[in-house]
Amino acid sequence: MLLRYPDIFFDFKCLCGGCEDNCCQMGWDIEIDEDTYTYYKGLGTELGRRLCENIYEEDGALYMGQPEGCPFMDGEGLCSVQLECGAEHISEICREHPRFYEWFGDVKEAGLGLCCEEVCRLVMEHEKPILFTEREIDEAADELEFDRELFREVRKLRDRLIDIAQDRGMSISQRMMILAYSTEDIADAVFDRDVKRLAQLSGMLAIDGFRMEIVIHSQQDRHSAPERAMRMLCSIFERMEYMGTLGEIFAKCKGMTDKLEQCRDSFEKAYAPYEHELENILVYFIWRYFIKCTRDLSAAEHIFSALICTAAVRVMFMAEFCERGELPDGKRRQWLVKEFSKEIEYDSDNMDIIYEEIQEGRADLMMLGGLFG
Ligand code: SF4
């Protein structure tokens, strides 16, 4: 099996008790794999009994309910199951989180999810472009069927999209416009499983002159006023359900779109040394989600949602800059991104709102053109 991963993948180390927003306290119900459940049942100890008492079955899967956070976390924020039984006996999801994987036969793709504060630090403090690499691992190939030819072209095209996202000869807004303008053609080709067309598009997008042409065209073709585009963007996020304060943040952003537009130039100047943060966030979304269109054929949803999420993060940074007259510091920016990922990216109901907006054509090129044109 071939493992593909970003260069920061093996740098991740859980902060455990030192984490300010420990994922074990988020109240998520945790899926328990069959082997782990069998082990717990056979433990015959007080801990085993308590573990089994907390596990329930739904739709054929096993979960550990923990509305108040994990009941097995000790006073120092450490996992008592791991301490008593060893890391090999905590459930797979507890052992792997926040790592994520996607399997395509004898290829396994990996990454680190932004819902974790340590991952946000690694991603956002990575000043050089994130590189992707691969190595052989000793694991059996996955048996789930997929279109191998389409996978090969989607993967090549994703490399191209990442290359555009990391093209530092252009501003991040210009790079995002190139991605937005290419989406319709890519989506049609993926939907038709037209691998020849995908290879053509990938070739065209490799040419600097072609990229520049899109940028010039997008500047002449600015459909939507920036304030209106920003209001549309904030309305999407304002409608979502949150556990924390993100809803208030987006409601505030929506109420100050004129002011945000006035701040845009000074924000861009102040934020220029940190633009790699948005680049890495955009690359994260493309790496993680675009490959899924091999199976779901929904390329537009995956590219536009990557652009919309990156744009929303930028709006949050801009709003704090506008309000305080200075950039939120690195730690605060990382906190905003972690909250965004936790509350939106990791909440399927909230992500469905974004996908619906894209499918209905309300979150489209017009809106993104207003934001980045
Ligand atoms: S959020 Fe990240 S650093 Fe914090 S406890 Fe979870 S995995 Fe560890």
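Just above sits the structure.
Source: prediction; values computed, not measured. (Residues numbered from 1 in each chain as written. Predicted model: local features only at pLDDT ≥ 70, side-chain atom pairs only at ≥ 80, totals over all residues. Heavy atoms only, no water.)

Undergrad: What is the right way to read the overall build of the chain from this model?
TA: Looking only at helices and strands, the chain has 18 helices and seven strands in total. Radius of gyration (C-alpha) of the chain: 22 Å, near the 21 Å computed for a compact globule of 373 residues. On the principal axes, the C-alpha backbone points of the chain span a range of 70 × 50 × 35 Å. Within the chain, the proportion of its 373 residues that are buried is 52%. Contacts in the chain between residues far apart in sequence, at least 24 positions, make up 79% of those at least 6 positions apart. About 17,500 Å² of surface is accessible on the chain, with carbon and sulfur atoms providing 47% of the total. Across the chain, the centroid of the 43 positively charged side chains sits 5 Å from that of the 76 negatively charged ones. (Helix = DSSP H or I, 4+ residues; strand = E, 2+ residues; numbered from the N terminus. Rg over C-alpha atoms; globule rule 2.2 N^0.38 Å. Buried < 20%, exposed > 50% of the residue type's maximum accessible area, 1.4 Å probe, protein only. Contact = heavy atoms within 4.5 Å. Areas by Shrake-Rupley, 256 points an atom, 1.4 Å probe, with all protein chains shown as cover. Lys, Arg positive; Asp, Glu negative; His and termini not counted. Charge placed at Lys NZ, Arg CZ, Asp CG, Glu CD.)

Undergrad: So what exactly am I meant to see when it comes to the packing of aromatic side chains here?
TA: Each aromatic ring pair is summarised here by two numbers: the centre-to-centre distance and the angle between the ring planes. As enumerated under the stated definition, the model contains 20 aromatic pairs in all. Seen from their ring centres, Phe9 and Phe10 are 5.0 Å apart, and the 85° between their planes marks the pair as edge-to-face. Overall, the relative accessible area of 4% leaves Phe9 in the buried class. Seen in terms of ring centroids, Phe237 and Phe250 are 4.8 Å apart; in terms of plane orientation they differ by 20°. Their pairing is stacked. Remark: Phe250 occurs in helix α11 (residues 246-255) and Phe237 occurs in helix α10 (residues 226-238); sequence separation between them is 13 residues. Ring pairs connect the aromatic residues Tyr5, Phe9, Phe10, Tyr101 and Trp103, which therefore count as one cluster. The cationic tip of Lys108 hangs over the ring face of Tyr101; the distance from NZ or CZ to the ring centre is 4.4 Å. Between the NZ or CZ atom of Arg333 and the centre of the ring of Tyr274, over which it lies, the distance is 4.3 Å. (Phe/Tyr/Trp six-rings, centres within 6.5 Å; stacked < 30°, edge-to-face > 60°. Lys NZ or Arg CZ within 6 Å of the ring centre and 35° of its normal.)

Undergrad: Looking at this model, I keep getting lost on α10. Mind explaining?
TA: In an α-helix, one turn spans 3.6 residues, which is why side chains three or four residues apart end up on the same side. Taking 1.5 Å of rise per residue, the 13 residues of α10 would be expected to cover 18 Å, and the 18 Å separating its terminal C-alpha atoms lies within 8% of that figure. Among the residues making up α10, those that are buried are Pro226, Ala229, Met230, Leu233, Cys234, Ile236 and Phe237. Along α10, the residues classed as buried sweep out an arc of 150° about the axis, all on the same side. In this fold, the buried residues of α10 make contact with α11, α12 (257-271), α15 (299-324), α16 (330-345), α17 (348-359) and α18 (365-372). (Expected span 1.5 Å × (residues − 1). Arc of directions from axis to C-beta.)

Undergrad: What's the story with the pairing of strand β3 (residues 55-58) in this structure? I'm lost.
TA: Where a strand is regular, its side chains alternate between the two sheet faces. Pairing of β3 with strand β4 (residues 61-64), which is carried by four bridges, proceeds in the antiparallel orientation. Its bridge partner being in β4, Tyr56 is matched across the sheet by Tyr63. The antiparallel pairing of β3 with β4 creates a hairpin that spans two residues between the two strands, and Asp59 there sits at a positive phi of about 50°. (Pairing = 2+ DSSP bridges.)

Undergrad: Help me understand the pattern of salt bridges, please; the structure alone is not making it clear to me.
TA: Pairing between side chains of opposite charge can happen when the charged atoms of each approach one another. Summed over the entire model, instances satisfying the criterion amount to 32 salt bridges. Between Arg121 and Glu125 there is a salt bridge, with its nearest N and O atoms 3.0 Å apart. Here Asp167 makes a salt bridge to Arg211, at a shortest N to O gap of 3.1 Å. Remark: Arg211 occurs in helix α9 (residues 208-220) and Asp167 occurs in the loop between α6 (148-165) and α7 (172-191); sequence separation between them is 44 residues. For Arg211, a relative accessible area of 3% corresponds to the buried category. Connected through salt bridges with shared partners, the residues Arg4, Glu109, Glu134 and Arg158 form a single ionic network. (Salt bridge = Lys/Arg side-chain N within 4 Å of Asp/Glu carboxyl O.)

Undergrad: Honestly, the environment of Thr294 in this entry has me stumped. Any pointers?
TA: Here Thr294 shows up in helix α14 (residues 293-296). With a relative accessible area of 3%, Thr294 lands in the buried category. Sequence-distant contacts of Thr294, defined by excluding residues within four places in its chain, comprise Phe104, Phe146, Asp147, Leu150, Phe151 and Val154. Polar contacts involving the side chain of Thr294 include one to the main-chain carbonyl oxygen of Ile291, which spans 2.9 Å. (Polar contact = N/O pair within 3.5 Å; in protein donor to acceptor, adjacent residues only side chain to side chain.)

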